[in-house]
Each structure stands twice: as structure tokens, then as C-alpha cells.
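# Secondary and tertiary structure notes
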Amino acid sequence: MPEFEYVARDKSGQEVTGVLPAGSEMEVATHLSAQQLFPVRIELAEAAKSQQRHAGRRVSARYVAIFYSQLADLLRSGVPLLRALDLLERQATNPALKLVLRDVRDQVADGMALADAMRRHPKVFTELAVSMVRAGEEGSFLEDVLKRVADFTEHQEDLKSRLIGSIAYPAFLLVIGSVIVTTMIVWFVPKFEPIFARMEQRGQLPWATTALMTLSHNLGRFGAYFLIAVAAGLIFLYRYAQTEEGKYFLDGLKLKIQGAGAIVRSLAIARFCRILGTLLQNGVPILQSIRIAKDATGNRVLSRAIAEAADNVQAGKSLAKPLAASRQFPEDVVEMIAVGEEANNLEQVLIDISENMERRTYRQLDLFVRLLEPVMLMVMAGVILFVVAGLLLPILQSSSIL
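What comes next concerns the included structure. (Residues numbered from 1 in each chain as written. Predicted model: local features only at pLDDT ≥ 70, side-chain atom pairs only at ≥ 80, totals over all residues. Heavy atoms only, no water.)

### Re the nonpolar core
- Tyr68, Leu71, Leu114, Phe125, Leu319 and Ile337 are the most contacted members of the largest nonpolar core, which totals 71 residues.
- Counting residues per element, this core draws most heavily on helix 12 (residues 260-281), which supplies 9 residues.
- If we skip the residues at most four places from it in the chain, Ile337 touches Leu319, Ala320, Leu323, Leu346, Val349, Leu350 and Ile353.
- Among the nonpolar cores identified, the runner-up in size contains 11 residues, and Val181, Leu212, Val387 and Leu391 belong to it. (Core = buried A, V, L, I, M, F, W, Y, C linked by side-chain atoms within 4.5 Å. Buried < 20%, exposed > 50% of the residue type's maximum accessible area, 1.4 Å probe, protein only. Helix = DSSP H or I, 4+ residues; strand = E, 2+ residues; numbered from the N terminus. Contact = heavy atoms within 4.5 Å.)

### Quick notes on the environment of Ser178
- Looking at the secondary structure, you find Ser178 in helix 8 (residues 142-188).
- With a relative accessible area of 34%, Ser178 lands in the partly exposed category.
- Measuring from C-alpha to C-alpha, the distance between Ser178 and Ala65 comes to 37 Å, with 113 residues separating the pair along the chain.

### What about unusual backbone geometry?
- Of note in this structure, Arg327 is not a glycine but carries a positive phi near 60°.
- Note on Arg327: relative accessible area 75%, which makes it exposed.

### Brief notes about the pattern of salt bridges
- One pass over the structure, following the stated rule, counts 15 salt bridges.
- Put simply, Glu244 and Arg300 hold a salt bridge, and the shortest N to O gap is 3.0 Å. Here Glu244, found in helix 11 (residues 244-256), pairs with Arg300, found in helix 14 (residues 300-314); they are 56 residues apart in sequence, far enough to count as distant.
- In this structure Glu244 comes out as exposed when scored by relative accessible area, which is 52%.
- A salt bridge links Asp251 to Lys254, with the shortest nitrogen-to-oxygen separation between them at 3.6 Å. Placement of both Asp251 and Lys254 in helix 11 is noted, with a separation of 3 residues, approximately one turn of the helix.
- We classify Lys254 as partly exposed; its relative accessible area is 41%. (Salt bridge = Lys/Arg side-chain N within 4 Å of Asp/Glu carboxyl O.)

### Things to note about helix 4 (residues 81-91)
- Looking only at helix 4, the buried set comprises Ala84, Leu85, Leu88 and Glu89. For helix 4, the buried positions fall inside an angular range of 135° around the axis, keeping them on one side. Relative to its buried face, helix 4 has exposed residues pointing more than 90 degrees away, namely Arg83 and Arg90. (Arc of directions from axis to C-beta.)

### Let's talk about the side chain of Thr209
- Relative to the helices and strands, Thr209 resides in helix 10 (residues 207-241).
- In contact with Thr209, other than residues within four places in its own chain, are Phe196, Gly390 and Pro394.

Purely spatial values, then, with no claim about function.
Rendered as C-alpha cells:
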């Protein structure tokens, strides 16, 4: 509970100061009024302010993954949830994570579900992790879910590190190259205009040079306005992405990106199949399992398609048909689900689907990361080649005429 510093006056008008632990400023004011003190100023103590600043920070995903793994091990060893949270809070070395775990422990001690306590800290615990933890609580396999979330988080961090490592060098070259090329186009290319003027009058100027000169003129005149428009567009997109409509649109866009969309879709469907299969194995009714597992996709478009499928299942239909009708699931996945329903071993089929899709998708991710560096280098080389060709072609053409 945070501490508040207060300045108050008693009946005689004498100033009284002190520190009180309370849940809010209103609670401090009520306590002072009960002591016949008139509050003049109430504010968080410096220690509480420092804690609040730490609690609002983001925590590295690697620290969070370690927390998931350790909590899973403690629960699997028979340690009660509240005691496990207390132990991990005391052992946490990251100040921000320590304060977050303290709040989660306090909320769980007050009777709140672990998933709801985690949802209070969206900068630390992702929506996917919260959804999977809720599924684990509902299906009584929380330790398995936490281990799965830990593995998934660590794998994501590994991929992120590899991706950053792969694009660091070409990105550096791209930034430096872009600055140099832009400088050349805006200030250096116009110096060649008098040289190319006579060829332009005769209509002998190559198209690359014409395009380069046009680009140079436009950047010189409207470059500042272009930067302002880009900045305004990015701000608008960021704010739009915070709305529910924007999140749904971006999730749909992720699925449509050529190449990367298939990877995003496969990982989301694999998570859904694994959670649904695990829930069914633990005896959770299929309708309730579907409604819990749909949030594990981490994609609102797929979640909506699964929710509509759940409505059809409630009406007595099979799961495979509405999933096929949504056109969001691959045909082979739908066919395997249909076979699993007919053979009455849907839970095992779903887990098999998940494992197969994860293996296949991770191979695709590895290939994507390896191809990213040469692609970026080729793009940069193409831009530089265009500038050099635009400047040299007229000179070479004049030399050949002479």
C-alpha cells in the first residue's frame, strides 16, 4: 500500500505533518477528518512516487519469461500460487518487475484470478499471455500453460535478437546510404542541370536522368512538407492503432502481408489448436474450450472467426464446417479437424496439428530471417544504381555522339 505525505491544521490552526499508508488521497483525507484535522496538502511520498515510476516501465521479455518458467516449476512442485508469487517477488532483481509482482500477489491475495491481476499490467504481460493463463486457470493446467508461455516468449526473444542481428548491418548502411543519396539528390544533382539542359531541349535526355531531376526538384521544394506529412501520418496511425477498430484492422493487415502473413496465421492457429486440445484433454466442455482458446490466437480477425464457429457448435453443428466457411483456416487444418471429430479424438488431433504447424512455421521464419539481409542490401544497391545511372548516362551518351 503506498504512503502519502500530508500537511494539515488542527482546530487551533497549528500545522501538522506526517506520513500515512493508504489506498488513495481520499482515504487519507477521511482519516485526517476523523482525527479532526483539516488537510492542506496530500501527496505521494517520495518512495511511493519512485515505486510508481518503476511500475509504469516496461520489463524486458526475458525477465518475464524467467518469471513464467519459475512460477510453472513452483506450481508443479506443489507450492501454492500465493506463496509462489510471494517468493518470486522477493527474488526479483528487476525493480519494475518486482513492483508488478507485488501488485499481482496482493490482488491474488484479495481473491482476484491470476489472469485478471496480470491484465492490470499490459506493459508487462501481453494479451496472449493473459488469455493463455486464463485458459490454464479454467482448465486446471496452469503450470503447463505457464511453461508454454515461457517457451513461446523465449523463442520470440530469440527470433527478435536474430532479426535485429540480421538487419543491423544492412539497416545501418541503408540509413547512411539514404542520407548520402538524399543529400546528393537535393544539393548535388541540381549542379548538373546546366550540363543536361541542351540534351533536354533536344529530347535526348535518358528517362532515368529525367526522373532523377524531377525527384530532385520535388524534394527541394516539398521535402519539408513531406516530412511533416509523414510525421502526422505516423501519429495518426499510432492513435488509430490504440482503438479497437484499429487493432482489428491491423490484425487483418498482418494476415494479408505477402510471405509474413502466412507465418503470422500459422503461429496463431497453432496456438489456438494447442490450447483447445489441452482444454479438451483436461475435460473442459468443447463450447467453453473454444471460447477460451479463441483469445490465444493473439489475432482479433481469427478470434472473431472462431467465436462465430462457437455459435454454430452451440447450435449442434461440427467445428470444422464453420471454420472452413470463415476462410481463415487452411484446408488441410480443417480437414484434420473434421477427421478428428469423426474419429472422436479431436483433442489429440489438435495437438498434432499444433506441433506440425509450429515446426513448419519456425523453418519458414528461419528462411525469412536469412533472406532479409540480402534483400535489404539489394534494395539499397538498386537505389544507388539508379542515382549513378541518372548522372552518368547523359555523359556516356554525349561521349558516344562526339
